Amino acid sequence: MSRINFKISLIAASVMAATSSQAALYKVVEVDPTASMSSTGIYDAEVTEFYGSAIQKTTRDLSALPLGCFQDGSTCPEYSLAGDSRNGSEGHSYRQEVPFNYDSSFYYTDWGRNRDYCRNELGYQTCDPAWADKLWYSFGSGNNGANDSCATKRGKFGGLLRERDAFLNSQQTGWNNCYGEDSYYSNALAFEENTASSNPSSPSAASRLSITPSSVYKPAGVSAADQNSENVVVNNLLDNGNVIGNTSSGYYRTSAGNLATAYRNRGFVFNGSSTKMLPPLANDGTDSEKAITAQMGRTMAWDSFSDGTNTYFVGSASVGPFDYGDNNKDWGGDLNNCVGKSDPAALRECQNFAFATKAAVWNANGDVFQASNWTVGTSRNVDKKAMQGSARAAVVSSKVTGDLQNKPVLVGLNSFQDGNNLFMEATVFKPSTDPNAKIESGNYWSPVRITRSTVKDGDDFVYSNSQATDINENFVLIGEAKRRGDKRENGAAPNRMFLASVDSSSGAAEARYFDELTGNSGIFFRGVGGETGAINNFNEIVGAVDAEQSTEYFGKKRRQRGFIYPYNTTGTVAERLAIFEGKPWLLDDLTNGGQFSVSNNQYRIVDASDINDDGVIAATALKCEGGYDTTGHNSYCGSGQKREKIVAVKLIPIANAAERTIEARALEAAPVERKGGSLGWMAMIFLGFLGLRRNK
C-alpha cells in the first residue's frame, strides 16, 4: 500500500484560522454497509471505501418549523442516506458524459494522454507518474507510461486500463498474473441506510441495493452479464424513496472467453425492488448509426420533477455516435468496424465506443424525449469533437413570480459551437411558456447560457468548461467553472464555484463566484477551488472546498474539506442564517464541542454531497477509529500510525440551542508531517480524484 507525507503549511493554518469561532451544530452518524457488502457484494477490508452521495428529501411541512431539525424540541425524521462504494480508482468518472467534463474528442485513451491532461489543465508536479498511475492502474507503481508488462502486481479492482481491456481478461498474456482472475469485478456498488440511527456511537446499518441493469441488446447473445461486474453510482434519493443513478451493463462472457459490455453508463430508477433502465434517444444519423446508439448508447439520470400529473426524470441521453472515423479514438482496433454490425460489442474495438448526447427527460414508463437542442450548433460532431448536453437538476416552483412560475426549470450543461471550437458550458434550460406545448413533443426547453461562466469571455479563453449542478425553489442555482490550465489564480487552476439567480421570466442568470461574494476571505480565499454538491430551499449550499492555499502548479492537489455556505437571499430564514453566524464554514468546525464532541472527533468531513430542507447532510469523512489524538484540524490518528478509512456519514442538526456550544478547533502553527500508515492509498486517491466523482 502506498503511503504519503501529509504537510499542512502555515498558509493553510492561516486559512483555517479565519474560521476561529466554531460551533458544534451537528452530530455525525456513520452509515455502514460493510456487513451487507461483505456478504452479498464486492468488498475488501483493505481497500473498500464508502461515500455518502444523497440524503432523502424532506417530506414534512416546515412552514411552522423554519429551523427544520435545528428547531428546539424538534424530533428530526430519520432520513435515509444513499451512497456508493469504491474498491479502486474509477479512472474516468462514472458521472461525466466525457472525461473530466472536457475531452469531447474522447482522446484520453491511454496513460500518456491522461497524464497530459493533468499536466496541461491541473499542473501538478505529481502528474507523472503518481496521478496518472492511480487513474490508469488503480494502484501499483506502473512503469511510467510504457507498455505495462504487469511486473508490478495490480489491484483486483478499478483502474481505467482494467476497464478498457476487460474484453481480453481471460486471454491477455500475463493478465492473470496482474489481476488474479479472469473476471471484471465491480468497482462501485450502491447502498442505502436501512436501520437508521441518531446515536453517533452506533452506526446506522445499510444494505447493498440490488440494482439489476438490463439490456435489450445482449452482446454475443449471452443471456446475462457476470454477477458483480457492473459499476453503480447514486445521484439522488427522492422523497418517495426512489433512488436515481447511473450503472454500467456489467460484462457478458462470450463463448470465446471475452468480457463484453453493452454500455458504460445508463441512467436508472430503483424503487426498492425493481430497476427501470432509461434508454438513449438514438435519433441522429444514419440507420446504422442509430442502431449502435440504441444498442450501446449512454445515458445518465440526475433528478426528477412532477408537473402535477406526471413524473419525469432528467439527465442526458446519447443521440448518435462520436466521430468514429477519427483514428485518434481507436483502442484495440478500428472504430469503423463497429457501425453497421449487428453485434458491435462482440468486437474489442467497440468496447469504448462513445456518443454525442443531449439533455433528455423520461416519463414514469421510461419513454425518452429530447429536452433541448444544443445551445449553438446542429451537427453532432464538430472537428472530431462530440456535442454534449445534460440536465443535472430540476425544479418546479410556486414561490417565484413570472412566466416560469410552476414550470419545470432544468439546469446543467450544454455544448456551444464557436467555429471549430466546442465548449461545454453551464446552462439554464428554460421551459416553454406556450400552454399547448408538450414535453412529449420534444425540445420543450430552450438553452440559456449562464453569463460569466462561459468558456470564452470576448476573445479570451478563461475556463475549460462549466456546469450548473443544482437549483432550488427560489431559483438560486449553483455550479462550477474549471479554470484553464494557463489561467491560474493564486497558484491553481481549479473548479471555481458560483451561484446565480435565475430570472423567472427570461431564464437568464449571471454567475457570482463564492470568493467574490465573500471578499476573498475566510474559507473562500482568492483562487479557491471546490465542488458544489447541493442547495436546499433555505439557500444552504454544501460541497467540498480547498482547505489550504498551497500552490498546485508544480505542487500537489490541495486538501479539500466539506463546507456549508448559508447564502442570504430571498427564501433565507433569518433565524436559521443566525445559527451559522451568517457565513460559510468548514463542516469540521461545526462538529466540534458539546456532548457529541468525543464521537464526532472520529471524523473529518472531506465532502458534502447533499442537503435536504431539514438541514440533514449526506457527506463523506475520513475516520480515525476511536478518535483523533486531539480535536485539532490537523491532528494525528494514533500518533500517525493508525490507518484512516473513508466512510459515509450523515450530519444531523442538534435541536437544542443550549447544546450548540461554540468551541474553536485547535491549529498547530508549525507544519505537521504525517508518515507511516496514517493515510491509505485509497484515501490518497479520494483526495486526488474528488473532483471526478461529484454528484448532486
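Residues numbered from 1 in each chain as written. Predicted model: local features only at pLDDT ≥ 70, side-chain atom pairs only at ≥ 80, totals over all residues. Heavy atoms only, no water.

An unreviewed UniProt entry lists the protein chain under the name DUF3466 family protein, from Vibrio barjaei.

Looking at the sheet that holds strand β20 (residues 408-418)
Two pairing modes exist for strands in a sheet, parallel and antiparallel, and in both the strands are linked by backbone hydrogen bonds. Selection rule: Pairing between two strands requires that DSSP report at least two bridges joining them. For helices the rule is a DSSP run of H or I covering at least 4 residues; for strands it is a run of E covering at least 2, with both sets numbered from the N terminus onward. Between N-to-C directions, angles span 0 to 180 degrees; the directions come from axes that are lines fitted to C-alpha atoms, helices contributing only their stretch in contact.
Taking strand neighbours across the sheet as the criterion, the 4 strands line up as β19-β20-β21-β22 in an open arrangement whose pairing is antiparallel. Strand pairing shows two members of the sheet lacking a second neighbour, β19 (389-396) and β22 (445-449), which therefore form its edges. Across this sheet, the average inter-strand angle for adjacent strands is 35°, counted without regard to direction. The pairing of β20 with strand β21 (residues 421-431) spans 9 bridges and is antiparallel. Opposite L410, over in β21, you have F429 as the bridge partner.

A few points about the confidence of the model for the protein chain
Formally: Summary of the metric used: pLDDT quantifies the predictor's per-residue confidence within the range 0 to 100. Contacts were defined at the residue level, with two residues in contact if any of their heavy atoms lie within 4.5 Å.
Per-residue confidence for the protein chain gives a mean pLDDT of 89, with 88% of residues at or over 70. Note on residues 1-22: pLDDT under 50 across the span, and 66 contacts to partners over four residues away in sequence or across chains. Low confidence marks residues 140-153, where pLDDT is under 50. Its contacts with residues over four positions away, or in another chain, come to 26 contacts.

Section: the environment of T469
To keep it simple, the criterion reads: A simple rule labels every residue: compare its accessible area, found with a 1.4 Å probe on the protein chains alone, to the largest value its type can have, and call it buried under 20%, exposed over 50%, or partly exposed in between. Polar contacts, as counted here, are pairs of nitrogen or oxygen atoms within 3.5 Å of one another; within protein the pair requires one atom able to donate a hydrogen and one able to accept it, and residues that are adjacent in sequence qualify only if both atoms are side-chain atoms.
Of note, T469 is situated in strand β25 (residues 463-471). A relative accessible area of 7% means that T469 is categorised as buried. Taking C-alpha positions, T469 is 7.2 Å from G533, a pair spaced 64 residues apart along the chain. A distance of 2.9 Å separates polar atoms of two side chains, one belonging to T469 and the other to T532.

Comments concerning the state of the cysteines
Here a disulfide denotes one covalent bond, and it connects the sulfur atoms of two cysteines. Worth spelling out the cut-off: The criterion for a disulfide is a pair of cysteine sulfur atoms lying within 2.5 Å.
With the rule as written, the count across this model stands at 4 disulfides. Disulfide pairing places C338 opposite C350 at an S-S distance of 2.1 Å. Here the disulfide of C338 and C350 is left-handed, its torsion about the S-S bond being about -105°. With a gap of 12 residues between them, C338 in the loop between β14 (311-321) and β15 (355-363) and C350 in the loop between β14 and β15 connect regions that are remote in the sequence. C338 gets classed as buried once you look at its relative accessible area, which sits at 0%. One disulfide in the model links C624 with C637; its S-S distance is 2.1 Å. For the disulfide bridge between C624 and C637, the dihedral angle about the S-S bond is near 90°, and by the sign convention the bridge is right-handed. Pair noted here: C624 is in the loop between β34 (617-623) and β35 (645-653) and C637 is in the loop between β34 and β35, with a separation of 13 residues, a long-range link. Look at C624 and you get buried, because its relative accessible area is 0%.

Focus on the environment of K642
Secondary-structure assignment places K642 in the loop between β34 and β35. According to the relative accessible area criterion, K642 is partly exposed, its value standing at 34%. With 14 residues separating them along the chain, K642 and Y628 place their C-alpha atoms 9.7 Å apart. Only 2.4 Å separates the side chain of K642 from the backbone oxygen of E625, close enough to count as a polar contact.

Quick look at the side chain of N246
Note that N246 resides in strand β8 (residues 243-247). Side-chain polar atoms of N246 contact the backbone nitrogen of A301, separated by 3.1 Å. Among all residues touching N246, those that are not within four sequence positions of it are Y94, R95, N231, V232, V233, N235, N265, R266, G267, F268, M300 and A301.

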